[in-house]
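Coordinate analysis (summary)
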Amino acid sequence: MKLSKMHIKTLREVPAEAEIPSHILLLRTGMIRKLASGIYGFMPFGWRSVRKIEDIIRQEMDAAGGQEIHMSAIQPAELWQESGRWFAYGPELWRVKDRGGRDFCLGPTHEEIFTDIVRNDVSSYRQLPMNLYQIQTKYRDEARPRFGLMRSREFIMKDAYSFDRDFEGLDKSYDEMYKAYEKIFTRCGLTFRPVEADTGAIGGSNSHEFTALSEVGESEIAYCEKCSMAATTERAECVDAAAETESMLALEEVNTPGTKTIDEVAAFLGLDKTKTIKALLFVTYDDEGKEKEYVAAFVRGDRELNMTKLINALNIPEHAIEFADEEKMAAATGCVGGFTGPMGLHDCKIVVDSELPGLRNLCVGANKENYHIKNMNYGRDYEGDIVTDLKLLKEGDPCPVCGAPVKHARGIEVGQVFKLGTKYSESMNAIYKDENQKDRLIVMGCYGIGVTRTLSAIVEQHHDENGIIWPMSVAPYHVIITLVKPGDEEQAAVAEKIYDELMREGVEVLLDDRNERPGVKFKDADLLGIPVRITVGKRAPEGIVEYKLRRDNDKEEKTVEEAIKAAVEIVKAEK
Ligand code: 9G3
């Protein structure tokens, strides 16, 4: 393709809202175009790379036995009402009406659609296992879209659904998808970690998030270098502090004026924060959005509360909980903002972190303004309605598997694999007859890859101060021939010769034949990140060109034949 003929608009400057490298670079290269908040279009270079990612996904999904179909992006409300999710989601579910006033949604995911297909088409065990997938545009009306394609309101997802006779079959399907994902992300040139993830609102037994390591990622993962433990910090198990054996001392109310925070009360009383209990106050809502109950969560003073673990312990959707208005909650439960303790609370669910029962003589709020109580002991002085791990695993905490200090990393969640079990087959009655003609529920798994988010993650991991450094497998083009003087017939002839020869070898080659200054061409070649650059300049008449890989600094002079051979070899080896 000749650059002089291409519709490509590189930018020197980008809007201030673009803060992270991938968002900046995808805009500066003109690969994406913002249409509205969280809504982007793909221009020629961008679309070529998206399609290459999709092709890698298709090859590995098909190799793993997936069958590609293509469902509508718009979905009738009835199916979501049947699965019970129509009312479970808030404004993020993009609802629309048709001319007859009937309710639809722009699909954020397709569990209901795929389950509906299978419940109509599958009746016998002989038809299972089955894995159907699609690569389709999804819609989620995010409250705060940001980082370009990283968190957009319209995005391309590959979503697959496996259908098995039983849980043993699901384990096999899940494992096949897990392995396919490792191949896909490796071929895309990503450095990633599959981490144990929280199954969250969709339930199911377990799930893994494929996280591309990146400092700008929204996912925080905890991993252990000593053993293979890796989990999202939301999901990571924590180790309880060792149980203490000191005897329980008598309760003692102490005046602690104005000490509303753990730091203040620990400092005031000269206590280590590990000898205090932190209270966090919440209110939860039911499906209709009405206040359901007050919740007081208690963790050791030096710990952070893990909201995901609290939400899972309360078994509520993540949007059905908020920090409580302390005045209102005080009237209803007897708590006192900044001085709340578990003793004496009423009409309030008490959730206690699993390590507190083993600890002795802790200091906690007295439910009285400016007072705390010392020597609070679980069992003797208070009980929890729920006692479970509520801790957020911090860097340096002991690994829950081997005890070594865990490390934290940030990453971009580019894929998720879930064991759904019978969540949808139950609510939508997807059954099959087994060998004994007995009705059985189909056992499901679901598997997503954020295609456009993967494009961003690749750019996040492959760029430098001059621009993108595309892995060959997803580069918009493999080779760019930079013709220094298009007007010079000898140079142009050499460039054409290389161009034609590479095209004949199946190499995707760009010829920069624009009437631009050489410096601009070199800058654009670096910005666009095309893996191989062949510069045809003043030594062309001697049959000498310059050969440079975008990922290396060194350039070397080669004969035209050597340059063609080297380019063909590296493209064939890495695409
Ligand atoms: C919704 C909205 C947003 C959502 C969902 C539903 C995330 C929702 C989870 C999944 C699970 C898997 C199949 C591919 C892999 C991921 N955000 N999820 O269900 F209505 Cl508005 O999508 N689905």
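As the structure is a computational prediction, the values presented were derived from the model and not from experiment.

The next thing to look at is empty space enclosed by the protein. Summed over the entire model, instances satisfying the criterion amount to 2 cavities of 30 Å³ or more. Looking at the largest cavity, its volume works out to about 50 Å³. Together, Ile480, Ala525, Asp526, Ile530, Pro531, Val532, Arg533, Lys548, Leu549 and Arg550 line the largest cavity. Within the residue set of the lining of the largest cavity, elements represented by two or more residues are helix H12 (518-528), strand E29 (532-536) and strand E30 (544-549). A volume near 30 Å³ is recorded for the second largest cavity. If you go around the second largest cavity, the residues you meet are Cys238, Val239, Arg303, Lys391, Leu393, Asp397 and Pro398. Looking at the lining of the second largest cavity, its residues break down into 4 nonpolar, no polar and 3 charged.

Segmenting the protein chain into domains produces domain 1 (16-207 + 412-460), domain 2 (252-388) and domain 3 (477-574). Using C-alpha coordinates to define each centre, domain 1 is positioned 38 Å away from domain 2.

It is worth spelling out the sheet that holds E29 at this point. The sheet built from 5 strands is open, its strands ordered E28-E27-E29-E30-E31 with mixed pairing. In this open sheet, the two edge strands, each paired with only one partner strand, are strand E28 (509-512) and strand E31 (555-559). Shown here is a sheet whose adjacent strand axes are inclined to one another by a mean of 25°, direction ignored. Here 5 bridges tie E30 to E31, and the two strands are oriented antiparallel to one another. Counterpart to tyrosine 547 in the pairing with E31 is glutamate 556. In this fold helix H11 (residues 489-504) packs onto strand E27 (479-483), E28, E29 and E30, with an angle of close to 170° to the strand it touches most, E27. Contacting E27, E28 and E29, H12 crosses the sheet at an angle of about 170° to E27.

Conventions we followed
- Residues numbered from 1 in each chain as written.
- Predicted model: local features only at pLDDT ≥ 70, side-chain atom pairs only at ≥ 80, totals over all residues.
- Heavy atoms only, no water.
- 1 Å grid on protein atoms, 1.4 Å probe; cavity = no way out; pocket = protein on both sides within 12 Å on 5 of 7 lines; lining within 4 Å.
- Points joined across faces, edges and corners; volume = space filled by probe spheres on them.
- Helix = DSSP H or I, 4+ residues; strand = E, 2+ residues; numbered from the N terminus.
- Nonpolar A, V, L, I, M, F, W, Y, C, P; charged D, E, K, R; others polar.
- Domains from an automatic or database assignment.
- Pairing = 2+ DSSP bridges.
- Axes fitted to C-alpha atoms, helices over the stretch in contact; angles between N-to-C directions.
- Contact = heavy atoms within 4.5 Å.

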